[in-house]
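So the chains spell out like this:
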Amino acid sequence: AAAAAAGPVVGSVMAVFVTRRIPAEGLRVLSQAGGCRVQQWDSEEPVPRAELLAGVAGKRGLLCLLSDRIDREVLDAAGPGLKVISTMSVGFDHLALEEIKKRGIRVGYTPDVLTDATAELSVALLLAACRRLPEAVEQVKNGGWTTWKPLWMCGYGLSDSTVGIIGLGRIGQAVARRLKPFGVKKFLYTGSCPKPETAAEFEAEFVPLMRLAEESDFVVVTCALTPATQGMCNRDFFGRMKKTSVFVNTSRGAVVNQEDLYDALAHGQIAAAGLDVTTPEPLPTDHPLLSLKNCVILPHVGSATYATRSTMAVLAANNLLAGLRGEPMPHELLL
């Protein structure tokens, strides 16, 4: 027993719970690891709360997704044997970090590997919103397309524009890198502090949030969800934006006050919005935002390429195994 307390003994069984059906490559990493016993909620749908609480009981490791709320109740259900939590996501706002830290549990996550896919999707969403693509497709299908008209279906272009990025982290930088060749004239960014080395590549200027709102033709949100960023894009913010500007969020839904965004879009305070994230997820099909022509909403598919999801699953599995073996993780969240 003393040896077990000191850390996993070589050859001892490391029991882990996986909260969802994940890409096969990730599961293979776990099943081929010596001494790892995997219990999985084998479904495309989220694990019900009761099944999650039962599943983690007595486990040493947990591999979870951003849709799993890992709070004190789950940690209590797992018991003192839980040593590692590995989340298949770059965001960690679903984890009760204070509580996890208190119990000395290590946390792995998957940054970097989904940066490119999410940045590509952010650009796609921006173009879809500013050039009104879903609306235009609908016109073709319902007979609205009659003849060529000079002002019909006009939107806004990136050439000579000012782009404001909220959160110039990995994904924010990758978005700027992709938008630059479109002929963007100026990049602005805001965040908890200036990042002169990072910003130099885009000659991006660090400005307060409200100045970014006032001067940007396009606003792209790529920050983490924290108490400081929760509800940051609100009535005040949208009120400062240009009537011709386009707002895009691929970070977390809770960064935006959705009622305020609805009002801004419905009253022409801003031109359009593109969202890959909402509150809640999924968004109810009768949600007011879905009634607006100038709002493009996607079902949180930022990292959804086959290659990216597979890489995320493998990294999450390797983080978990390293944690169980008491080794350095490929990507550990330092608490």
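This one's a predicted model, so the numbers in the text were calculated from it and none came from an experiment.

Criteria and cut-off values
Residues numbered from 1 in each chain as written. Predicted model: local features only at pLDDT ≥ 70, side-chain atom pairs only at ≥ 80, totals over all residues. Heavy atoms only, no water. Helix = DSSP H or I, 4+ residues; strand = E, 2+ residues; numbered from the N terminus. Expected span 1.5 Å × (residues − 1). Axes fitted to C-alpha atoms, helices over the stretch in contact; angles between N-to-C directions. Parallel < 35°, antiparallel > 145°, perpendicular 65-115°, else oblique. Left-handed = near helix turned anticlockwise from the far one by under 90°. Contact = heavy atoms within 4.5 Å. Nonpolar A, V, L, I, M, F, W, Y, C, P; charged D, E, K, R; others polar. Pairing = 2+ DSSP bridges. Buried < 20%, exposed > 50% of the residue type's maximum accessible area, 1.4 Å probe, protein only. Arc of directions from axis to C-beta. Salt bridge = Lys/Arg side-chain N within 4 Å of Asp/Glu carboxyl O. Domains from an automatic or database assignment. Buried area = accessible area lost by both parts, 1.4 Å probe. Phe/Tyr/Trp six-rings, centres within 6.5 Å; stacked < 30°, edge-to-face > 60°. Lys NZ or Arg CZ within 6 Å of the ring centre and 35° of its normal. pLDDT = per-residue confidence, 0-100. Right-handed = clockwise from strand over helix to strand, strands pointing away.

A short note on helix H13 (residues 306-324)
Next up, step 1: Compared with the 27 Å implied by 1.5 Å per residue over 19 residues, the 27 Å span of H13 between its first and last C-alpha is a close match.
Next up, step 2: Trailing H13 by a residue or two, Gly326 shows a phi angle of about 70 degrees, which is positive.

Notes on the packing of helix H2 (residues 24-31) against H13
Relative placement of two packed helices is described by the angle separating their axes and the distance separating the axes.
Next up, step 1: For the pair H2 and H13, interaxial distance at closest approach is 7 Å and the crossing angle is 20 degrees. By the angle between their directions, the pair H2 and H13 is classed as roughly parallel. Two packed elements cross with a definite hand, and for H2 against H13 that hand is right-handed. In contact with Glu25, Gly26, Val29 and Leu30 of H2, H13 contributes Ser310, Ala313, Val314, Ala317, Asn318, Leu320 and Leu321.
Next up, step 2: Partitioned by chemical class, the residues of the contact of H2 with H13 number seven nonpolar, three polar and one charged.

Points about the sheet that holds strand S4 (residues 84-87)
Next up, step 1: Here we have six strands laid out as an open sheet, ordered S2-S1-S3-S4-S5-S13, and mixed in their pairing. With partners counted over all chains shown, the strands left at the sheet margins are strand S2 (36-40) and strand S13 (332-333), one partner each.
Next up, step 2: Pairing analysis gives three bridges linking S4 to strand S5 (residues 106-108), with the strands arranged parallel. In the strand pairing of S5, Val84 is matched with Arg106.
Next up, step 3: Along the sheet, helix H3 (residues 49-56) makes contact with strand S1 (14-18), S2 and strand S3 (61-64), crossing S1 at roughly 170 degrees.

With respect to H3
Given 3.6 residues to a turn, an α-helix orients residues that are three or four positions apart in the same direction.
Next up, step 1: Within H3, the full set of buried residues consists of Leu52, Leu53, Gly55 and Val56. Buried residues in H3, looked at end-on, bunch into an arc of 165 degrees, giving them a common side. Summarising the geometry of H3, the exposed residues directed more than 90 degrees from the buried face are Ala50 and Ala54.
Next up, step 2: Close packing links the buried residues of H3 with S1, S2, S3 and helix H4 (72-78).
Next up, step 3: Taken from the residues just after H3, Gly58 is the one with a positive phi, measuring 75 degrees.

Remarks on the pattern of salt bridges
Next up, step 1: The full count for this structure, using the stated rule, is 22 salt bridges.
Next up, step 2: A salt bridge links Asp42 to Arg21; its shortest N-O distance comes to 2.9 Å. On the criterion of sequence distance, the pair formed by Asp42 in the loop between S2 and H3 and Arg21 in the loop between S1 and H2 is long-range, its members being 21 residues apart.
Next up, step 3: On the basis of relative accessibility, which here comes to 49%, the residue Asp42 falls in the partly exposed class.
Next up, step 4: For Arg21, a relative accessible area of 39% puts it in the partly exposed group.
Next up, step 5: Across the salt bridge formed by Lys242 and Asp217, the nearest N and O atoms sit 2.9 Å from each other. With Lys242 in the loop between helix H11 (235-240) and strand S10 (246-249) and Asp217 in the loop between helix H10 (209-215) and strand S9 (218-221), the pair connects residues that are 25 residues apart, well separated along the chain.
Next up, step 6: A relative accessible area of 29% means that Lys242 is categorised as partly exposed.
Next up, step 7: Put simply, Arg72, Asp76, Glu99, Lys102 and Arg103 are held in one network by salt bridges that share partners.

Brief notes about the domain arrangement of the chain
Interface size is often expressed as the accessible area that is lost when the parts come together.
Next up, step 1: When cut into domains, the chain gives domain 1 (14-111 + 307-333) and domain 2 (114-143 + 150-297).
Next up, step 2: Its C-alpha centre places domain 1 at a distance of 32 Å from the equivalent point of domain 2.
Next up, step 3: Contact residues are listed per partner, giving nine residues for domain 1 and five residues for domain 2.
Next up, step 4: In this assembly, domain 1 packs against domain 2 so that about 690 Å² is buried in total across both faces, 61% of it on carbon and sulfur atoms.

A few points about the sheet that holds strand S6 (residues 162-166)
Next up, step 1: Spatial strand order, S8-S7-S6-S9-S10-S11-S12: seven strands in an open sheet with parallel pairing. Every other strand in the sheet has two partners, leaving strand S8 (205-206) and strand S12 (295-297) as the edge strands with one partner each.
Next up, step 2: Strand direction decides the pairing type here: S9 and S10, joined by four bridges, are parallel. Bridge pairing in S10 links Val219 to Phe247.
Next up, step 3: Where helix H12 (residues 258-266) meets the sheet, it contacts S10, strand S11 (272-275) and S12, and its direction lies at approximately 145 degrees from that of S11.

Points about the packing of aromatic side chains
In this description, a pair of aromatic rings is defined by centroid distance and the angle of the planes.
Next up, step 1: Evaluation of the coordinates by the stated rule reveals six aromatic pairs.
Next up, step 2: A connected cluster of aromatic rings, assembled from ring pairs, spans Phe237, Phe238 and Phe247.
Next up, step 3: If you follow Lys149 out to its NZ or CZ, it ends over the ring of Trp152, 4.2 Å from the centre.

Let's talk about the confidence of the model for the chain
Next up, step 1: Mean pLDDT over the chain stands at 95; residues scoring 70 or higher make up 96%.
Next up, step 2: Low confidence marks residues 1-11, where pLDDT is under 50. Its contacts with residues over four positions away, or in another chain, come to eight contacts.

Considering the pairing of S4
Next up, step 1: Going residue by residue along S4, you find Val84 and Ser86 tucked away on one face and Ile85 and Thr87 tucked away on the opposite face as well.
Next up, step 2: Sheet analysis places S3 next to S4, joined by four bridges and oriented parallel. Counted as the bridge partner of Leu63 is Ser86 from S4.
Next up, step 3: Traced from S3 through H4 to S4, the parallel crossover comes out right-handed.
Next up, step 4: In this region the chain leaves S4, passes through helix H5 (residues 97-102) and returns to the parallel neighbour S5; the handedness of that crossover is right-handed.

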